[in-house]
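# Structure at a glance
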Amino acid sequence: DDKMRIKSEWKVRNFVKGLELFKRVGEVAEAEGHHPDLHLVSWNRVTIEIWTHAVGGLTENDFILASKINEIDMGDLMPKKKQKFWA
């Protein structure tokens, strides 16, 4: 598939947190009337692809949606950072 699109990936804590990320993105997408492709890969990776299906490529609306998705607070969904110890 050679369609122009923008894509991002997040590693989440677990499967349920991935579904929660879908929910949060879905709320933004519904408000914008623009719906990305959401993928839960394996059990802890969420991939989101955005493009305008009607034109088969990118429009300004795609970048607006991506920007709004970036504003979503996802801190509670991401893996906890492991404390590093000095040897």
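Up top is the structure.
A brief look at the structure comes next.

About the criteria used
- Think of each chain on its own: its residues are numbered from 1, step by step along the sequence as written.
- With pLDDT at 70 or above as the cut-off, local features in this predicted model cover only qualifying residues; side-chain atom pairs require 80 or more to be listed or tallied, and sums for whole chains, interfaces and linings still use all residues.
- Computation of side-chain values covers all heavy atoms of the structure but excludes hydrogens and water.
- Only buried residues count toward a nonpolar core. Its members are Ala, Val, Leu, Ile, Met, Phe, Trp, Tyr and Cys residues joined through side-chain atoms within 4.5 Å.
- The buried label goes to any residue with under 20% of its type's maximum accessible area, the exposed label to any with over 50%, and the partly exposed label to all in between, with areas taken from a 1.4 Å probe on protein chains only.
- By definition, any uninterrupted DSSP run of H or I lasting at least four residues is a helix, any uninterrupted run of E lasting at least two residues is a strand, and each is numbered from the N terminus.
- Contacts were defined at the residue level, with two residues in contact if any of their heavy atoms lie within 4.5 Å.
- Classification of ring pairs rests on two measures: the distance between centres of Phe, Tyr or Trp rings, Trp counted by its six-membered ring, which must be within 6.5 Å, and the angle between planes, read as stacked under 30 degrees, edge-to-face over 60 and tilted in between.
- Ring-over charges, as used throughout, are those where CZ of Arg or NZ of Lys falls within 6 Å of the ring centre and within 35 degrees of the ring normal.

### A word on the nonpolar core
Residues W10, L21, V46, I48, I69 and M74 are the most contacted members of the largest nonpolar core, which totals 16 residues. Every element with two or more residues in this core is listed here: α1 (15-32), β3 (45-50) and α2 (60-70). The biggest single contributor to this core is α1, with 4 residues. Here I48 is in contact with I6, K7, S8, W10, V25, P36, D37, L38 and I69, once residues within four sequence places are set aside.

### A few points about the packing of aromatic side chains
Counted under the stated rule, the structure contains 0 aromatic pairs. We note R5 situated over the ring of W51; from NZ or CZ to the ring centre the distance is 3.7 Å.

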